[in-house]
Number of protein chains: 2
Amino acid sequence: MNDKEMLHNAPIGVFDSGVGGLTVAREIMRQLPNERIVYFGDTARVPYGSKSPETITRYSSQIVRFLQTQQVKAIVIACNSASACALETLEEETNLPIIDVVRPGARTALETTVNGKIGVIATEATICSGIYKRYIEESGKSVSTISKACPLFVPLVEEGLWEDPVTDEIAGRYLAELIDSGIDTLILGCTHYPLIRSTVGRIMGEKVCLVNPAYETARALKQLLEKKGLESEKRPGLGTELYRFFVSDAADKFQKFANSILPYGILSAKVINIEEF
Amino acid sequence: MNDKEMLHNAPIGVFDSGVGGLTVAREIMRQLPNERIVYFGDTARVPYGSKSPETITRYSSQIVRFLQTQQVKAIVIACNSASACALETLEEETNLPIIDVVRPGARTALETTVNGKIGVIATEATICSGIYKRYIEESGKSVSTISKACPLFVPLVEEGLWEDPVTDEIAGRYLAELIDSGIDTLILGCTHYPLIRSTVGRIMGEKVCLVNPAYETARALKQLLEKKGLESEKRPGLGTELYRFFVSDAADKFQKFANSILPYGILSAKVINIEEF
C-alpha cells in the first residue's frame, strides 16, 4: 500500500466526553460505510459541561494528540462542550481537518426555518454556553432562538428509557413552552437526544422540523472528505478492524451502552490513560 | 479567647463531591445547633463515583488540606465514594477526628433489622464498590444485604422533583424487587436520597424501617465531639459566620440548590481553586 492509499484508508477520529458521541459515530457508519473510525470516550472525566473552558480545551488537546497516534485523517468533535470551547485551539494545534458537532446543526436549522423561530434543546451547560444561539445569530439572518435546558433527558437515555411513559411525561413538561413559542424548527442540541427523537417529534407535532446534529455532522464530514479527496475508496474487507473504541475508564459500561445503539457489536473498548498524551 | 475556647469554637469541616453532602450538613445544623460548619463541594470534579480510588483519594486529601486552612476541629466525609476509598489515607494524613457517611448508617441498619434482611439503595458507583455490603457482612452477624442501584434518583432530586408522580413511578420500578425480597430495613445509601425519603417510605410501606445515613452521621459526630470534649459550648451570637460554603465551580447553581434544602439561607458560596491544596 502506498502513502496515498494509506492516507485514504486512515480512520476518522471521533471523540466525546462519554457515550453521547456514539450517535455521531453511528451516523458516520450509516452515511460513510467505507470509513474506518477510532472513537475515544473520556469516561473518566465525564461530564465536560460543568468544567471550565480552559480545562475542556486541555482535555480536548490531549485527546487529539492520542487520536493522532492512531493515524487518523480527520477529527470529529462529537461533544457539544468541546465544540463550544476547544475548536479554535484544536485547529491551531493540528493540520488535520476538524468538524464540530454544533455548526452543521445550526446551519441546517437556518436553512430549514420558514418563520424564523428556532428552538434549541440541550443540557444546561450547552444552553448556558449560548453556542447555538451565537452561531445562529451570527448568520445575520432575522431569526430568533428559544432555548430550553432538559437536564433529565441524558439520565433517562442512559437508563434506556427511550420509549417510556416517564420520558413522555418529562418531555411534555420540558417542551410545552417551545410549543407555545411557535417555533417551526427544533435542534436536538445534545448528542444523547437523537435516541429520543421519536418521543420529541411526537410531542412537538408534525409541523415542527427536528434537526439532528449527529446526522448533519456526518453529512458535513462526507462533504469535507470529498472536497479534500480523502475518502476511503472501498469498504475494508472482512477481518479488518473497521471500528475501534477507546475510553479513559469503565470500559464495560461503555461497551454495554454502545452495543445498545450501534448497528455493529463492539467486541471491546480499550482503557487508556489519556493524561499521558 | 484562649486556645481551648478557640478549639471548642472551631468549625466542623464537611465535604462532598457536590451538593449531596448538604443533607449531612443539614442534619448537623439540626442536631448540633451550636456548631459552626465549613462546607466544601467539589462541583468542578463531580461526580466522584466514576473515578478511580487513587483519584478520589488524591482529591479528598486536597480537600482536607484546604479544610485545615479553615482551622476545622473535625472532618465529616459526606460523600459515599470518598468514604469508600479515602478514609484510611485521610486518617493517616491528619490527626483530626474523622467521621465518614457509610459506617454510621451500616451500624444502625445492623442494630435495626429483626429478620436479618437489609436493603441498600444507592448510585451505581456506590453499589458496585460494595462498601455497605462489606461493612454489614464484616460485622459477623447473620445478615444478608440486597442492593439496588437507582441511577435516576440523583437527577430527579437535582431537578427538584421530590414529590412528583414521575419520581413515584420510577421509585416504584426500582423498589419492586426490594419489596419482594422481604427486607425489613432499607439504607438510603446516597446523600441525595433523604430528600425523597417520604416517597421511598410510602412505596416500601410501614413495615420497612428506613435508615438515613445523613442523620446517623450527625449523631455519630455528636458522640465523637462529646467523647473528645470538643463540643462548642454555646451558640455563636448574631453576626457570627456560623456556616460557610466553598465550591470548586459553579457557585450560583450550588447556592440555588443549597437554599432549597437548608433551614438557613446561604448568602454566598465562594469558589476556590482546590488544585492548589
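The model shown is predicted, which means the values in this text are computed figures rather than measured ones.

Procedures and definitions
- Residues numbered from 1 in each chain as written.
- Chains lettered and ligands numbered in written order.
- Predicted model: local features only at pLDDT ≥ 70, side-chain atom pairs only at ≥ 80, totals over all residues.
- Heavy atoms only, no water.
- Helix = DSSP H or I, 4+ residues; strand = E, 2+ residues; numbered from the N terminus.
- Rg over C-alpha atoms; globule rule 2.2 N^0.38 Å.
- Buried < 20%, exposed > 50% of the residue type's maximum accessible area, 1.4 Å probe, protein only.
- Areas by Shrake-Rupley, 256 points an atom, 1.4 Å probe, with all protein chains shown as cover.
- Lys, Arg positive; Asp, Glu negative; His and termini not counted.
- Charge placed at Lys NZ, Arg CZ, Asp CG, Glu CD.
- Pairing = 2+ DSSP bridges.
- Axes fitted to C-alpha atoms, helices over the stretch in contact; angles between N-to-C directions.
- Contact = heavy atoms within 4.5 Å.
- pLDDT = per-residue confidence, 0-100.
- Buried area = accessible area lost by both parts, 1.4 Å probe.
- Salt bridge = Lys/Arg side-chain N within 4 Å of Asp/Glu carboxyl O.
- Right-handed = clockwise from strand over helix to strand, strands pointing away.
- Parallel < 35°, antiparallel > 145°, perpendicular 65-115°, else oblique.
- Left-handed = near helix turned anticlockwise from the far one by under 90°.
- Nonpolar A, V, L, I, M, F, W, Y, C, P; charged D, E, K, R; others polar.

Draft legend 1. The arrangement of the overall build of chain A in detail. Across its full length, chain A holds 12 helices and 10 strands. In summary, chain A has a C-alpha radius of gyration of 18 Å against a globular reference of 19 Å for 277 residues, a match within 12%. Summarising its shape, the C-alpha atoms of chain A cover approximately 60 × 40 × 35 Å along the three principal directions. Counting over 277 residues, chain A shows a buried share of 57%. For chain A, the exposed surface amounts to about 12000 Å²; the carbon and sulfur share of it is 49%. Mean positive and mean negative side-chain charge positions of chain A (30 and 35 charges, respectively) differ by 3 Å.

Draft legend 2. Local environment of the sheet that holds strand β5 (residues 117-122) of chain B. Residue and element names in this part refer to chain B. Across the sheet, 4 strands lie side by side as β6-β5-β7-β8; this open sheet has parallel pairing. For this open sheet the edge positions go to β6 (144-149) and β8 (209-211), each flanked by a neighbour on one side alone. Neighbour-to-neighbour, the strand axes of this sheet turn through a mean angle of 25 degrees, independent of strand direction. The sheet contact formed by strand β7 (residues 185-188) and β8 spans 3 bridges and is parallel. Bridging from a neighbouring strand, L186 pairs with L210 of β8.

Draft legend 3. Up close: the sheet that holds strand β1 (residues 12-16) of chain A. Residues and elements named next belong to chain A. The 6 strands are arranged β4-β3-β1-β2-β9-β10 in an open sheet whose pairing can be described as parallel. In this open sheet, the two edge strands, each paired with only one partner strand, are β4 (98-100) and β10 (269-271). With strand direction ignored, the average angle separating the axes of adjacent strands in the sheet is 20 degrees. Of the strand pairs in this sheet, β1 and strand β3 (residues 74-77) are connected by 4 bridges, and their pairing is parallel. The partner of I12 across the bridge, within β3, is A74. Contacts from helix α2 (residues 22-31) reach β1, β2 (37-41), β3 and β9 (243-247) within the one sheet, and its direction differs from that of β2 by about 170 degrees. In this fold helix α12 (residues 251-261) packs onto β2, β9 and β10, with an angle of close to 155 degrees to the strand it touches most, β10.

Draft legend 4. How the structure looks around the confidence of the model for chain A. In this model, chain A carries an average pLDDT of 93, and 99% of its residues clear a pLDDT of 70 or more. As a predicted assembly, this complex carries a pTM of 0.90 together with an ipTM value of 0.87.

Draft legend 5. Region of the structure containing the environment of S81 of chain B. Residue and element names in this part refer to chain B. Assignment of secondary structure puts S81 in helix α4 (residues 80-93). For the pair S81 and L221, spaced 140 residues apart in sequence, the C-alpha separation works out to 19 Å. Setting aside residues no more than four positions away along its own chain, S81 makes contact with Y48, G49 and I56.

Draft legend 6. Representation of the interface of chain A and chain B. Taken together, the 23 residues of chain A in the interface contact 23 residues of chain B. Taking both sides of the interface into account, the surface hidden between chain A and chain B amounts to around 1500 Å²; carbon and sulfur atoms contribute 51%. Among the residues chain A hides against chain B, the three largest losses belong to L152, E159 and V166 of chain A. Together they make up 28% of the total. Here chain A and chain B share 4 salt bridges between them. Of the charged contacts, one joins E124 of chain A and K253 of chain B as a salt bridge, the two residues approaching to 3.9 Å between their closest N and O atoms. Mapped by element, the contributors of at least two residues to the side of chain A that touches chain B are α8 (153-158) and α9 (165-180) of chain A.

Draft legend 7. Main features of the pairing of strand β1 (residues 12-16) of chain B. Residue and element names in this part refer to chain B. Of all 5 residues making up β1, 5 are buried, and the element is well covered by its neighbours. Here β1 shows a buried face lined by I12, V14 and D16 and a second buried face lined by G13 and F15. Running through helix α2 (residues 22-31), the crossover from β1 to the neighbouring parallel element strand β2 (residues 37-41) is right-handed.

Draft legend 8. Inspection of the environment of L22 of chain A at higher detail. Residue and element names in this part refer to chain A. Structurally, L22 is set in helix α2. Separated by 169 residues in the primary sequence, L22 and T191 place their C-alpha atoms 7.9 Å from one another. Filtering out sequence-adjacent residues up to four positions away, L22 remains in contact with Y39, F245, F254, F257, A258, I261 and L262.

Draft legend 9. Geometry of the pattern of salt bridges. Residue and element names in this part refer to chain B. The full count for this structure, using the stated rule, is 24 salt bridges over all chains. The partner of R30 in a salt bridge is E27, with the nearest N and O atoms 3.2 Å apart. Of the two residues, R30 and E27 are both situated in helix α2; the distance of 3 residues between them amounts to about one turn of the helix. Notably, a salt bridge pairs K148 with E177, separated by 3.3 Å at the nearest N-O pair. Of the two residues, K148 sits in strand β6 while E177 sits in helix α9 (residues 165-180), which places them 29 residues apart along the sequence. By relative accessible area, which is 42% here, E177 ends up partly exposed.

Draft legend 10. Representation of the packing of α2 of chain A against α12 of chain A within the structure. Residues and elements named next belong to chain A. Two numbers describe how α2 lies on α12: the axes approach to 10 Å, and their chain directions differ by 40 degrees. When the axes of α2 and α12 are compared, the pair comes out oblique. In the packing of α2 onto α12, the handedness of the crossing is right-handed. Along the contact surface, α2 presents L22, T23 and R26, while α12 presents F254, F257, A258 and I261. In the contact of α2 with α12, the residues fall into 5 nonpolar, 1 polar and 1 charged.

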